Amino acid sequence: MAETEVSKKRKRPIVRLAVLLLSHSVLVSVICCTAGVFGLLLLPVLAKNTYISENALMPGSASSMLSNQEVSEANKLIKELNNLHSNPLGATTESHGIIAKYMSNLGAQVNNHKFHPQLNQFHPLHFFSGPDSGVMQENSTRSLYGINTVGIIRAPRGDGKEAIVLVTPYNAVKGGVRETLSLGIAYSVFSLLTRVTWLAKDIIWLVADSQYGEYAPVAAWLRDYHTPAFSNLDSLNTETCHVGNNNFESKISYGIRRSGTMAAALVLGVAYGNENEDTLGIYAEASNGQMPNLDLINIVHYLAVHRQGLRVKVEQFHWLLNSKWVKSLGEVFESLGKMVKTLNPDWKLGISAADYVEGAATLASSLYHQALGVPTGPHGAFRDYQVDAITLEFSLRISFDRLDRRNDFLLHGGRLIEGVIRSVNNLLEKFHQSFFLYLLTSPSKFVSVGVYMIAFALLVAPLPVVAASLYAKTLDLNPTSEKDKSATSNELGSVLQSWKWLNSVKTVFVVHFWGATVSLLPYFISQIPDSDPTTNFSVWILLSILSLEILRWILVSPSSHIYGLPQGEWAILKSATISSFFIGLGLMSVINFATAEIGALLMVPMALMAHPLKLDVRGQSLRSILRMICNLVLGVISFPPATFFVFKGVIEGFSGIKAGDFWNWVESLWAWNSATYLYIGMVHLPCWVLCVQILLHPC
């Protein structure tokens, strides 16, 4: 009988572990947060070399067929378009006719696509709708029309159900040598593909009218390609094109010609080089942290380096390359790597300090651009339709005016595009073998989702532990289990404890409701005529403070503060705040991991350390003073405008910072429907306000 009672009192292992964690929540928080930050700094060391997962791609397995004949034909197109730029009047219409003529002469199906430029205005419902949610400006004049020229090659071995897309942005009004060179690369490849017999997927060449931006024409064409609209834009079925003195007349259809499902898309661009060698820049980030399948980047990198002799580069934070503390950190990891290698030569954790600095600068740039949620090029429009796409930017080390150098450039660039198309042409299904969730540390190294999620998990792990620990401690502040207390007093204590918890939850709900209101205010502020960004930002702050006070008076009853013990009220509020923040970070990590990672770095320390300042002042101990200083510093840094200005000042310098810069930045987020905007307004800012309320709690 005694053994039975002992076994009942004996707690299960999981319960004992929970009690241990709750009783040592401070130690758990310090260990997990330190490990999370260390794990994030360790990511450049843990990066793996990229590899091609899909065997069917077989990059470089066939010899290139592009020759000087295609380059010569491309030079004719470049010369004819460059001659038009000397006479801007009428260049727009005539350039479209020239491009259409060259496409038609190759036997391609040609059509022009008219589109209206769209205004990127904030609208709250755009966050919950698809990529075709934009509103056409149907009342715009004809002068505001943009015209895309599209050519389609039907594959001799295909059935018209799949296609590969080439995109070349071209501004006929302000275009220069760079844009005509990108057209020349695309035309040389397009010319070759009209004669090959191995093609199994249709080729679509989109010459995007970039006078209203490079993204808008691609997005408009994709929208009409996938969801055809019957509007005034399709009223003209054909039109006659007159090209200069060549007496060229052709019936060009207006509207949309379609092929099949898009297997991949390549956006081509040319930049002026300032390097010592020819380079190829790869831009992959799409909206809300979406990335193309890593195999697409891998085949471009392999063919560029091992077949065309180009140096591939991805975006970096150049200010980190000269950072002394990053270099010092790289030296530390280099020493640790050598030490680990002496213990076990099979452990490959070694990395040089220079490689660590390069990897950290690239990783930080990749993390930032994914968190921003704004595409880094026109390829972002394809990712909204689940099409893998990247932007390739060629850069020459010598002037474009030298004909021999230009021919060599067209030949190498064309062969690279030909090789990529040939690899994608081999696919029997869409890209699926390699990673979609990754961070780049160099063009040839990456960190997969299974590695970088560990750092995030360690950062957020203390949140539920501390929340449960705080709630458990508040239950002990007013014990109701003593023998001398009657059943009535026990029941009253339980009711008061429930009211205290409900009051804190109600406060958290009100502040998050206020965050949603603040997120909607820019829609109304942007309607103010002739207002500058600084004025809009000031009005936004004033209305946010006013709305917070109004919600407090309407939704929070003043009498609710009489419930609960004063010394435990702030702890319950902190527990509810941490719980809501943990839920918000978890949801955001599913939508955009990079945003959740940066948000955790900024707010988790403040959420865990939040403590009433009055109690720290009364404590008069070194621990209390240090905690008060840390809370004040974290409170300033974690405030979204302050975070923005500090980051902008570190990168660009503090001398040119203006108050309206934050409004412009936020405006770009909502214009691109970035989920980061919703995170700031509905998760980060409410959590910050609640932490400040805890700091200022009248204990």
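As named in an unreviewed UniProt entry, the protein is GPI transamidase component family protein / Gaa1-like family protein, taken from Citrus sinensis.

A few words on the overall build of the protein. Scanning the protein from N- to C-terminus turns up 25 helices and 13 strands. Out of the 699 residues in the protein, the part that is buried amounts to 50%. By element, 60% of the accessible surface of the protein is carried by carbon and sulfur atoms, the whole surface being about 33,200 Å².

Moving on: the state of the cysteines. Tallied over the full model, the rule gives zero disulfides. Of all cysteine sulfurs in the structure, the one in Cys 33 sits closest to Cys 32, which takes part in no disulfide; the separation is 7.0 Å. Not part of a disulfide, Cys 687 finds its nearest cysteine sulfur in Cys 691, a span of 4.2 Å. Under the relative-accessibility criterion, Cys 687 is labelled buried at 1%.

With that settled, consider the sheet that holds strand β13 (residues 445–448). Read across the sheet, three strands follow the order β1-β13-β12 without closing on themselves; strand pairing throughout is antiparallel. Lying at the two open borders of the sheet, with one neighbouring strand each, are β1 (48–49) and β12 (438–442). Where β12 and β13 come together, four bridges link them in antiparallel fashion. Its bridge partner being in β13, Tyr 438 is matched across the sheet by Ser 448. This element, helix α15 (residues 449–460), spans β12 and β13 of the sheet and lies at about 60° to β13.

Looking now at the side chain of Lys 648. Along the chain, the position of Lys 648 falls in helix α23 (residues 640–652). A relative accessible area of 19% places Lys 648 in the buried class. With residues near it in sequence (within four places) discarded, Lys 648 still touches Gly 653, Ile 657 and Asp 661.

In the contact formed by helix α20 (residues 593–609) and helix α22 (residues 622–637), the axes pass within 10 Å of each other and the chain directions differ by 145°. Remark: the crossing between α20 and α22 carries left-handed chirality. Touching Pro 605, Met 606 and Met 609 of α20 are Arg 627, Cys 630, Asn 631, Leu 634 and Gly 635, all from α22. Its residues assigned to classes, the contact of α20 with α22 shows five nonpolar, two polar and one charged.

On the surface, Ile 14, Val 15, Leu 17, Val 19, Leu 20 and Leu 21 cluster together into a nonpolar patch covering about 500 Å² of accessible area. Among the secondary structure elements, Val 15 is positioned in helix α2 (residues 13–23). Classification of Val 15 as partly exposed rests on a relative accessible area of 36%.

We now examine α23. Given a rise of 1.5 Å per residue, 13 residues ought to cover 18 Å, and the 18 Å separating the end C-alpha atoms of α23 matches this to within 8%. Looking at the residues trailing α23, positive phi occurs at Gly 653, about 100°.

Before going further, it helps to examine helix α9 (residues 294–306). For α9, with 13 residues, the first-to-last C-alpha span of 18 Å sits near the 18 Å given by 1.5 Å per residue. Among the 13 residues that make up α9, ten are buried, leaving the element largely enclosed by the rest of the structure. Every buried residue belonging to α9 is among Leu 294, Asp 295, Leu 296, Ile 297, Asn 298, Ile 299, Val 300, His 301, Leu 303 and Ala 304, and all of these are buried. The backbone nitrogen of Asp 295 has a side-chain oxygen 3.0 Å away, supplied by the residue at the start of α9, namely Asn 293.

What follows is about the packing of aromatic side chains. The geometry of an aromatic ring pair is captured by two quantities: the separation of the ring centres and the angle between the planes. Tallying each qualifying case throughout the model produces 29 aromatic pairs. Arranged with centres 5.2 Å apart and planes meeting at 45°, the rings of Phe 435 and Phe 446 form a pair that is tilted. Note that Phe 435 is positioned in the loop between α14 (403–425) and β12 and Phe 446 in strand β13, a separation of eleven residues in sequence. Through pairs of rings, three or more aromatic residues link up here, namely Phe 537, Trp 540, Phe 644, Phe 645, Phe 662, Trp 663, Trp 665, Trp 670 and Tyr 677.

Positive phi values are uncommon outside glycine, yet Met 58 reaches one of about 45°. As for its position among the elements, Met 58 is in the loop between β1 and α5 (68–85). A positive phi angle, close to 55°, is found at Asn 673, a residue other than glycine. Within the element layout of this structure, Asn 673 appears in the loop between α24 (660–671) and α25 (675–695). Given a relative accessible area of 24%, Asn 673 falls into the partly exposed group.

As a further point, take the environment of Val 332. Counting through the fold element by element, Val 332 comes out in helix α11 (residues 324–343). Of the residues examined, Val 332 reaches a relative accessible area of 44% and is grouped as partly exposed. Here the alpha-carbon distance between Val 332 and Ala 353, two residues 21 residues apart in the chain, equals 8.1 Å.

Any two side chains of opposite charge can pair, so long as their charged atoms come close to each other. Within this structure, the stated rule accounts for nine salt bridges. Between Arg 154 and Asp 202 there is a salt bridge, and its shortest N-O distance comes to 3.1 Å. Residue Arg 154 is found in the loop between β3 (146–153) and β4 (162–170), and its partner Asp 202 is found in strand β5 (residues 202–209); the two are separated by 48 residues along the sequence. With relative accessibility at 36%, the residue Arg 154 sits in the partly exposed group. Residue Asp 202 is classed as buried on the basis of its relative accessible area of 2%. Overlapping salt bridges bring together Asp 278, Arg 405 and Asp 408 as one network.

Structurally, the position occupied by Leu 669 is in helix α24. Exposure remark for Leu 669: the relative accessible area of 0% places this residue in the buried category. Residues Leu 669 and Val 374, spaced 295 residues apart in sequence, show a C-alpha to C-alpha distance of 7.1 Å. What Leu 669 contacts, discounting residues up to four positions off in sequence, is Leu 372, Val 374, Ser 674, Tyr 677 and Ile 680.

Should pLDDT be low for a region, the predicted coordinates there are not to be read in detail. Overall, the prediction assigns the protein a mean pLDDT of 83, with 83% of residues at 70 or greater. Taken as a whole, residues 132–142 scores under 50 in pLDDT and shows 20 contacts with residues more than four places along the chain or in a different chain. Counting interchain partners and residues more than four positions distant, the pLDDT-below-50 stretch residues 231–249 has 44 contacts.

Attention shifts here to the packing of α23 against α24. Taken N-terminus to C-terminus, the directions of α23 and α24 make an angle of 100°; their axes are 10 Å apart at the nearest point. By the angle between their axes, α23 is roughly perpendicular relative to α24. Counting all contacts with α23, which are made through Pro 640, Pro 641, Phe 644, Phe 645 and Lys 648, the residues of α24 involved are Asp 661, Phe 662 and Trp 665. Looking at the contact of α23 with α24 residue by residue, the class counts come to six nonpolar, no polar and two charged.

What counts and what doesn't
- Residues numbered from 1 in each chain as written.
- Predicted model: local features only at pLDDT ≥ 70, side-chain atom pairs only at ≥ 80, totals over all residues.
- Heavy atoms only, no water.
- Helix = DSSP H or I, 4+ residues; strand = E, 2+ residues; numbered from the N terminus.
- Buried < 20%, exposed > 50% of the residue type's maximum accessible area, 1.4 Å probe, protein only.
- Areas by Shrake-Rupley, 256 points an atom, 1.4 Å probe, with all protein chains shown as cover.
- Disulfide = S-S within 2.5 Å.
- Pairing = 2+ DSSP bridges.
- Contact = heavy atoms within 4.5 Å.
- Axes fitted to C-alpha atoms, helices over the stretch in contact; angles between N-to-C directions.
- Left-handed = near helix turned anticlockwise from the far one by under 90°.
- Nonpolar A, V, L, I, M, F, W, Y, C, P; charged D, E, K, R; others polar.
- Patch = residues over 30% accessible without salt bridge, like charges linked within 9 Å, V, L, I, M, F, W, Y side chains within 5 Å.
- Salt bridge = Lys/Arg side-chain N within 4 Å of Asp/Glu carboxyl O.
- Expected span 1.5 Å × (residues − 1).
- Polar contact = N/O pair within 3.5 Å; in protein donor to acceptor, adjacent residues only side chain to side chain.
- Phe/Tyr/Trp six-rings, centres within 6.5 Å; stacked < 30°, edge-to-face > 60°.
- pLDDT = per-residue confidence, 0-100.
- Parallel < 35°, antiparallel > 145°, perpendicular 65-115°, else oblique.

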